[in-house]
Amino acid sequence: MNVYSQVQSNRTRTYIIMALFMVFIATVAYIFGQGSGEGLSWAGLALIVSGLMNLGSYWWGDKMEASRKDNFDFYTVAENLAIAGGIPKPKLYVIDDTAPNAFATGRDPSHAVVCATTGLLDKLDRRELEGVIAHELSHVKNYDTRLMSIVAILVGSIAFLADWFMRSLWWGRGRDREDRGSSSSIFLILGIVLAILSPIIATIIQLAISRRREFLADASGALLTRNPDGLARALEKISGDKEVLEAATNATAHLYIVNPFKGKNFGAWFAGLFDTHPPLAERIKILRSM
Amino acid sequence: MNPFLIAGVLILILVVFIWSLYNGLVTSKMRVKEAWSGIDVQLKRRTDLIPNLIETVKGYAKHEKEVFENVTKARAALMSAGGPHDKAKAEGELTGALKSLFAVAEAYPELKASENFVQLQKELGDTEDKIAYARQFYNTSVLDYNTRIKVFPAVLFAGSLGFTDEEFYEAEEGERKKVEVKFS
């Protein structure tokens with residue numbers, strides 16, 4: 001499969017996954033609504049509120065716009081790769097953090113944002129930086145950023161809904177509802193089970209999507225620079241650095257070029273299920289063989 | 001069923017099909033044009049940087065007249081060249097001339113230390129990257145377009161509608177190492 005059909009199948013898969021996810025959320029919301037005895041009205045409200053909150057979370061944190069004068073390599077490399085990909089130059093930001101990392105976001109190529117940490121800009125040379133930025137721009141070009149923003153919002157919404165449901169049970173005790181039928185209590189039990197399980201299921205889906213996207217972005221990034229060695233060397237350098245990124249949270253981890261929590265390995269067999277990124281060694285091996 | 005109705009629907013489908021095929025070809029050709037102007041912009045950027053570079057180097061190395069002349073000549077040739085083939089050739093010559101200019105600069109430590117020179121070197125290096133990437137984008141667009149007009153059924157009428165092969169922009173020298181990328 002070449003990279004062009006990869007992009008196409010990526011888009012198709014996106015729609016399917018999104019549709020399934022929507023069904024999943026609607027079901028969860030319905031059960032919570034029935035279980036708490038208040039119907040769908042608050043579940044709908046909760047969805048909207050949590051969606052807005054998750055969107056807002058992308059814009060928290062310490063960052064500033066990169067300038068051509070202060071970040072010459074970062075700025076020009078991004079400009080060049082935008083030329084290569086035939087997309088507009090993304091907005092560029094620098095996060096003041098010594099851990100080397102970068103991420104991209106934005107719903108389509110004309111609204112793309114690429115962030116790099118000062119640690120990354122200091123430690124990598126121009127060709128290595130090119131590899132990293134190409135990887136990030138590929139996320140944008142393949143519409144991974146849009147997909148992952150939506151997925152992140154949905155996962156956040158699920159967690160939020162579950163939380164809200166549990167709280168409403170706690171505080172709802174005061175206004176006792178004695179007219180509850182047996183069907184309502186089934187929904188109540190279902191709701192509690194789902195409140196525990198659904199955030200975990202949603203997260204596993206999110207992470208599976210995320211890992212798949214990383215390989216694709218590595219490959220199409222290499223197609224953009226025609227120099228897979230640049231990214232391979234960059235990944236080696238980054239993997240040698242044991243610092244943990246302070247600005248990253250669980251909600252944004254999948255957006256980075258490497259897992260921002262690296263080094264915190266549990267060593268258990270199921271740990272791989274909860275990784276946002278495939279193992280670095282494997283990524284480097286594939287890049288070297290291109 | 002009315003046979004005329006069936007025939008009419010078939011013709012309509014055919015018309016819509018050819019219509020969209022034609023529009024696809026036009027879009028593809030426009031993309032090639034746009035990609036070409038992308039190369040042009042970067043080549044101009046490069047030629048604009050050169051007088052400044054020559055002035056800076058002259059300040060430290062007055063006696064290297066021949067090198068300056070070569071660069072100036074190559075620059076003028078690039079500015080007057082038209083079409084992918086000629087431009088690529090002129091660009092290759094300019095790259096060669098600039099190489100000898102930078103080789104000369106090696107002999108002047110003060111020049112190498114000058115902030116202006118370092119900045120110009122960075123800008124030129126970046127512009128060369130930009131040209132390489134613009135060329136890559138252009139060639140991809142040309143490949144896409146040339147393929148489109150050669151596949152069936154477009155090949156039947158593309159030629160008579162004025163869709164002809166576009167020229168690739170091929171670098172004279174191997175400035176960037178070509179790397180094979182495989183996707184499985």
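Sequence order as written defines residue numbering, which begins from 1 separately in each chain. Chains carry letters from A onward and ligands carry numbers from 1 onward, assigned in written order. Under the rules for a predicted model, residues below a pLDDT of 70 receive no local features and side-chain atom pairs below 80 are neither given nor counted, while totals for whole chains, interfaces and linings still include all residues.

This part is about the overall build of chain B. A tally of helices and strands in chain B yields six helices and zero strands. The order of helices and strands in chain B, counted from the N terminus, is α-α-α-α-α-α. We take the radius of gyration over the C-alpha atoms and set the globule estimate at 2.2 Å times the residue count to the 0.38 power. Against the globule reference of 16 Å for 184 residues, chain B gives a C-alpha radius of gyration of 24 Å, more extended than a compact globule. Along the first, second and third principal axes, the C-alpha set of chain B runs to 90 × 40 × 25 Å. Strands are runs of DSSP state E lasting at least two residues, helices are runs of H or I lasting at least four, and both sets are numbered from the N terminus onward.

Attention now moves to the overall build of chain A. When helices and strands are tallied, chain A shows nine helices and four strands. Sequence-ordered secondary structure for chain A, helices as α and strands as β, is α-α-β-α-β-β-β-α-α-α-α-α-α. Taken over 290 residues, chain A has a buried fraction of 42%. Taking as baseline every contact in chain A between residues at least 6 positions apart, the subset at least 24 positions apart corresponds to 72%. Partly exposed residues are those whose C-beta has more than 12 but fewer than 20 other C-beta atoms within 10 Å; with 20 or more the residue is buried, with 12 or fewer it is exposed, and the C-beta atoms are placed from the backbone. Note on contacts: residues are paired as contacts if their backbone-placed C-beta atoms lie within 7 Å.

Further remarks concern the UniProt feature "transmembrane region" (unreviewed entry) in chain B. UniProt positions are given in the numbering used here, feature names are shortened, and annotations may be inferred rather than shown by experiment. When the UniProt feature table is mapped onto this chain, "transmembrane region" (unreviewed entry) is found at residues 6-25 of chain B. Taken end to end, residues 6-25 of chain B is 100% helix and 0% strand, and its two terminal C-alpha atoms sit 29 Å from one another.

Turning to the packing of helix α3 (residues 72-85) of chain A against helix α5 (residues 126-141) of chain A, a few remarks are in order. Residue and element names in this part refer to chain A. Only the stretch in contact is used when a helix axis is fitted, and all axes are lines through C-alpha atoms; the angle between N-to-C directions ranges over 0 to 180 degrees. The contact between α3 and α5 brings their axes to 9 Å, and the two run at 50°. One way to sum up the angle between α3 and α5 is to call them oblique. With respect to the hand of their crossing, α3 and α5 are arranged in right-handed fashion. For the pair α3 and α5, the contacting residues are D73, F74, V77, A78, L81, A82 and G85 in the first and R126, L129, E130, I133, A134, L137 and K141 in the second. Following the grouping adopted for this structure description, the nonpolar residues are Ala, Val, Leu, Ile, Met, Phe, Trp, Tyr, Cys and Pro, the charged ones are Asp, Glu, Lys and Arg, and the polar ones are all others, Gly among them. Partitioning the contact of α3 with α5 into residue classes produces nine nonpolar, one polar and four charged. We call two directions roughly parallel when the angle between them is under 35 degrees, roughly antiparallel when it is over 145, roughly perpendicular when it lies between 65 and 115, and oblique otherwise. Crossings are classed by handedness, with left-handed meaning an anticlockwise turn of the near helix from the far one by less than a right angle and right-handed meaning a clockwise turn.

Attention now moves to the confidence of the model for chain A. Residues and elements named next belong to chain A. By definition, pLDDT measures how confident the predictor is in each residue, and it falls between 0 and 100. Across chain A, pLDDT averages 75, with 70% of residues at or above 70. For chain A, the element scoring lowest by mean pLDDT is helix α2 (residues 41-57), at 59; α3 scores highest, at 91. A low-confidence stretch, residues 263-269 (pLDDT under 50), is modelled with four contacts involving residues beyond four sequence positions or located in other chains.

Residue and element names in this part refer to chain B. Here chain B averages 84 in pLDDT, and 92% of its residues register 70 or above. Residue range residues 174-184 is modelled with pLDDT below 50. Its contacts to residues more than four positions away, or to other chains, number 20 contacts. What the predictor reports for the complex is a pTM of 0.71 with an ipTM of 0.71.

In this section: the pairing of strand β4 (residues 113-117) of chain A. Strand residues, when the strand is regular, have side chains that alternate between the two faces of the sheet. All names here are of chain A. Counting buried residues along β4, four of its five residues qualify, which places the element largely inside the surrounding structure. Sheet topology places strand β2 (residues 91-95) next to β4; five bridges connect them, and they run parallel. Directly across from L92, in β4, lies its bridge partner V114. Pairing between strands is defined by DSSP: at least two bridges between the two strands are required.

Note: most peptide bonds trans; most residues except glycine with negative phi. F152 of chain B connects to P153 of chain B through a cis peptide bond whose omega is 5°. Among the secondary structure elements, P153 of chain B is positioned in the loop between α5 (115-150) and α6 (154-157). Of note, R226 of chain A is a non-glycine position whose phi angle comes to about 55°, a positive value. When you line up the elements, R226 of chain A lands in the loop between α7 (182-225) and α8 (228-239).

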